[in-house]
Amino acid sequence: MALTGDLLIGGATRHGTAGDIHGLDAATGEKLEPAFGAAGPDDLEKACALAAEAFPIFRETDLEARAVFLETIAQNIMDIGDELVQRCVTETGLPQARVEGERGRTVGQLRLFAATVREGSFLEARIDPAMPDRKPMPRVDLRLRNVAVGPVAVFGASNFPLAFSVAGGDTASALAAGCPVVVKAHSAHPGTSELVGKAVQKAVKDCGLHEGVFSMLFGSGRVIGQGLVADPRIKAVGFTGSRSGGTALMATAAARSEPIPVYAEMSSINPVVLLGGALAARGEAIGKAFVGSLTMGAGQFCTNPGLILAIDGEGLESFVKGASAALGEAPAATMLTPGIHEAYCEGVKRLDGHSQVQKLAEGKVGEKFQGQAALFSTKAADFLANPELQEEVFGSTSLIVRCADEAELQKVLGSVEGQLTIALHMEEGDHDDARKLLPVLEEKAGRILVNGFGTGVEVAPAMVHGGPFPATSDGRSTSVGTLAIARFLRPVSYQDMPDALLPKALQEANPLNVPRRIDGKLG
Ligand SMILES: NC(=O)c1ccc[n+]([C@@H]2O[C@H](COP(=O)([O-])OP(=O)(O)OC[C@H]3O[C@@H](n4cnc5c(N)ncnc54)[C@H](O)[C@@H]3O)[C@@H](O)[C@H]2O)c1
Ligand SMILES: O=CCCC(=O)C(=O)O
């Protein structure tokens, strides 16, 4: 399919006239064709108007029809074939196998949401039947279900051009909830976005849905992104990216006359805690495994292990030995964009030039736009005294914090900001120490994992890919896994409503056959 560079506004395509955006070959920085036309105010207006028009119809679509729609998107993405993979590889510099794997994750995610919609428990249907004879007061008949919040703005992420982008987790969960979506495509992979966007647009048509269920705009974040979040017809936002971008959108959403929720996944350094027994038993091997996680995808994962915490001593030295040896062999890798590469080099330079930080090891030197991995170390007291050492360096760089004892390790953990993940490496003999750490780990992170690293998020019902600020803007939610749908739903209660007027999920005969909690018990 020849790329056109057009905006997708409902069922129509039109070329934006507010300037040109070009994808770049991530390896060389060369401009790729075609030019993508940035959206102007009229395009934004039309996309939001169509989404608002589609909402009352789409939110009440039959669950089966909505599930088929999600499956059709998945199939249409697969049907694009190799063209999608090749364009994505060129625009992002990610290896082909990674892009193919991410495509599998993306379509798997859409199919998982289809199954979630069919199963129906996301509606959280509850019935508390009337008790007319209750003394001293009769009880009313109360019935509750979740409804979709309204049109959702989704910002595609640069680092997961498929699984967190145009038809990624935010879009899949919003559509599953019954919310139309307006995507602000990431300028780092516009061709990939067009191909996937057209697959979604075609699915809308294939399934006979209102055209306003999906639109996609190109443009600058500060203009079209901000305009989208400020638009009164948009009722929630999904975002993955930088802390500055996420907090700017939070401020815009909060300043609206009707503030709306922003689900922004932003900044996390994912501490890895190495306990004494594990270090003594297999410090060197953990060091080697750590480098695998650190350098995966040029370190451009929000789950990247950017901070290592351990009590100083022989065990930690064996970890450093294993990690340094593996890092010395690690090839440099092309980063997503020249801008992200530049930000990474600056972050490494800041650590390298810090008077309280020592460089322990480096990866192989690379070509232009390739990130060279690095490992640094500091003392816990210096880490505590220099909060800037907590700042995320987006790429394959990590900092070891050497603690004097358990109390200092606790203190360092207590000082870190909210995280997506915290990993514990331990043996059975470390259980008592681990138990003492668990309360602070639960306070700080959305996911606590043992003897592994946070990279490679499973898309599953029990997954939490979230965490307290600044990992996300709202630690009560997840952007991966079926629970992500809850971000785009709100409960409505119906009191003494005649059966004929009730939504199907709450009617006495349960025609949708959805799971329901009756008088507090699942029926
Ligand atoms: N933690 C993560 O998962 C993660 C992922 C990607 C990038 N990053 C960080 O972000 C940096 C830049 O990468 P990026 O381009 O992917 O992220 P970004 O936050 O700059 O951009 C993400 C999206 O938000 C928009 N945007 C940015 N600033 C905005 C603003 N002020 N108002 C409205 N919209 C805005 C952009 O146009 C883009 O569509 C990286 O170097 C890295 O530090 C973090
Ligand atoms: O970059 C954010 C997402 C990370 C992820 O999904 C993974 O590690 O698999």
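This structure is a prediction, so every number in the text was calculated from the model and none was measured. (Residues numbered from 1 in each chain as written. Chains lettered and ligands numbered in written order. Predicted model: local features only at pLDDT ≥ 70, side-chain atom pairs only at ≥ 80, totals over all residues. Heavy atoms only, no water.)

**As for the overall build of the protein chain**
Scanning the protein chain for helices and strands turns up 14 helices and 23 strands. For the protein chain, the C-alpha radius of gyration of 24 Å lies close to 24 Å, the compact-globule estimate for 523 residues. With the C-alpha coordinates of the protein chain rotated into their principal frame, the extents come out at 75 × 65 × 40 Å. Looking at the protein chain as a whole, 57% of its 523 residues are labelled buried. Look at the contacts in the protein chain between residues 6 or more apart in sequence, and 76% of them connect residues 24 or more apart. If you average the places of the 48 positive and of the 62 negative side-chain charges in the protein chain, the two averages end up 4 Å apart. (Helix = DSSP H or I, 4+ residues; strand = E, 2+ residues; numbered from the N terminus. Rg over C-alpha atoms; globule rule 2.2 N^0.38 Å. Buried < 20%, exposed > 50% of the residue type's maximum accessible area, 1.4 Å probe, protein only. Contact = heavy atoms within 4.5 Å. Lys, Arg positive; Asp, Glu negative; His and termini not counted. Charge placed at Lys NZ, Arg CZ, Asp CG, Glu CD.)

**Some words on the UniProt feature "domain: Aldehyde dehydrogenase" (unreviewed entry) in the protein chain**
According to UniProt, the feature "domain: Aldehyde dehydrogenase" (unreviewed entry) maps to residues 36–458 in the numbering used here. Helix makes up 47% of residues 36–458 and strand 18%, with an end-to-end C-alpha separation of 33 Å. (UniProt positions renumbered as here; feature names shortened; annotations may be inferred.)

**Section: the site of ligand 1**
The immediate surroundings of ligand 1 are formed by 21 residues, with Ser158, Gln226, Ser242, Met266 and Cys302 found nearest. A distance of 2.5 Å separates an oxygen atom of ligand 1 from a polar atom in the side chain of Ser158. Take Gln226: an N or O atom from its side chain is 2.8 Å from a nitrogen atom of ligand 1. Burial of ligand 1 by the protein amounts to 84% of the accessible area it has alone, namely 800 Å². When grouped by side-chain class, the residues that make up the shell around ligand 1 number eight nonpolar, nine polar and four charged. When residues are assigned to domains, the shell around ligand 1 turns out to be shared by domain 1 (7–266 + 475–487) and domain 2 (271–450), each giving three or more. (Near = heavy atom within 4 Å. Polar contact = N/O pair within 3.5 Å; in protein donor to acceptor, adjacent residues only side chain to side chain. Areas by Shrake-Rupley, 256 points an atom, 1.4 Å probe, with all protein chains shown as cover. Nonpolar A, V, L, I, M, F, W, Y, C, P; charged D, E, K, R; others polar. Domains from an automatic or database assignment.)

**A look at helix H14 (residues 431–444)**
Over its 14 residues, H14 runs 19 Å from end to end, which matches the ideal 20 Å to within 8%, given 1.5 Å per residue. At Leu438, H14 shows its largest kink, close to 40°, and the proline Pro439 lies no more than four residues downstream. Those residues of H14 not exposed but buried are Ala434, Leu437, Val440, Leu441 and Lys444. Buried residues along H14 sit against strand S12 (271–274), helix H13 (406–415), strand S19 (419–425) and strand S20 (445–450). (Expected span 1.5 Å × (residues − 1). Bend = angle between axes of the 7 residues up to and from the residue.)

**A closer look at the pattern of salt bridges**
For the coordinates displayed, the defined rule picks out 28 salt bridges. Across the pair Asp43 and Arg14 runs a salt bridge whose closest N-O atoms are separated by 2.7 Å. Placement of the pair is Asp43 in helix H1 (residues 41–58) and Arg14 in strand S2 (residues 12–14), with a sequence separation of 29 residues. When its relative accessible area of 7% is taken as the criterion, Asp43 is described as buried. Overall, the relative accessible area of 32% leaves Arg14 in the partly exposed class. Between Arg402 and Asp312 there is a salt bridge; the shortest N-O distance is 2.9 Å. Here Arg402, found in strand S18 (residues 397–403), pairs with Asp312, found in the loop between strand S13 (307–311) and helix H10 (314–328); they are 90 residues apart in sequence, far enough to count as distant. Given the relative accessible area of 15%, Arg402 is considered buried. Residues joined in a network through salt bridges with shared partners are Glu45, Asp231 and Arg233. (Salt bridge = Lys/Arg side-chain N within 4 Å of Asp/Glu carboxyl O.)

**Quick word on the sheet that holds strand S17 (residues 374–379)**
Here seven strands make up an open sheet; going across it, the order is S15-S17-S18-S13-S12-S19-S20 and the pairing mixed. Looking at strand neighbours, the two that pair on one side only are strand S15 (358–362) and S20, the edges of this open sheet. Within the sheet, the average angular offset between the axes of one strand and its neighbour, ignoring direction, is 20°. Here four bridges tie S12 to S13, and the two strands are oriented parallel to one another. Directly across from Leu274, in S13, lies its bridge partner Ala310. (Pairing = 2+ DSSP bridges. Axes fitted to C-alpha atoms, helices over the stretch in contact; angles between N-to-C directions.)

**Some points on the domain arrangement of the protein chain**
When the domains of the protein chain are assigned, the result is domain 1 (7–266 + 475–487) and domain 2 (271–450). A C-alpha centroid distance of 33 Å is found between domain 1 and domain 2. Taken together, the contact pairs 17 residues of domain 1 with 16 residues of domain 2. Where domain 1 abuts domain 2, roughly 1,200 Å² becomes buried across the two surfaces, and 59% of that area is made up of carbon and sulfur atoms. (Buried area = accessible area lost by both parts, 1.4 Å probe.)

**Focus: the packing of aromatic side chains**
Geometrically, a pair of aromatic rings is defined through the distance of the ring centres and the angle of the planes. Scanning the model with the defined rule gives eight aromatic pairs in all. Their ring planes at 70° and their centres at 5.1 Å tell us that Phe160 and Phe301 sit as a pair that is edge-to-face. Of the two residues, Phe160 is situated in the loop between strand S7 (152–155) and helix H5 (169–177) and Phe301 in the loop between helix H9 (276–295) and S13; the sequence distance between them amounts to 141 residues. Here the two residues Phe160 and Phe301 agree in accessibility, since each one is buried. Judged by centre distance (6.2 Å) and plane angle (45°), the ring pair of Phe290 and Phe453 falls under tilted. Note that Phe290 is positioned in helix H9 and Phe453 in the loop between S20 and strand S21 (489–495), a separation of 163 residues in sequence. (Phe/Tyr/Trp six-rings, centres within 6.5 Å; stacked < 30°, edge-to-face > 60°.)

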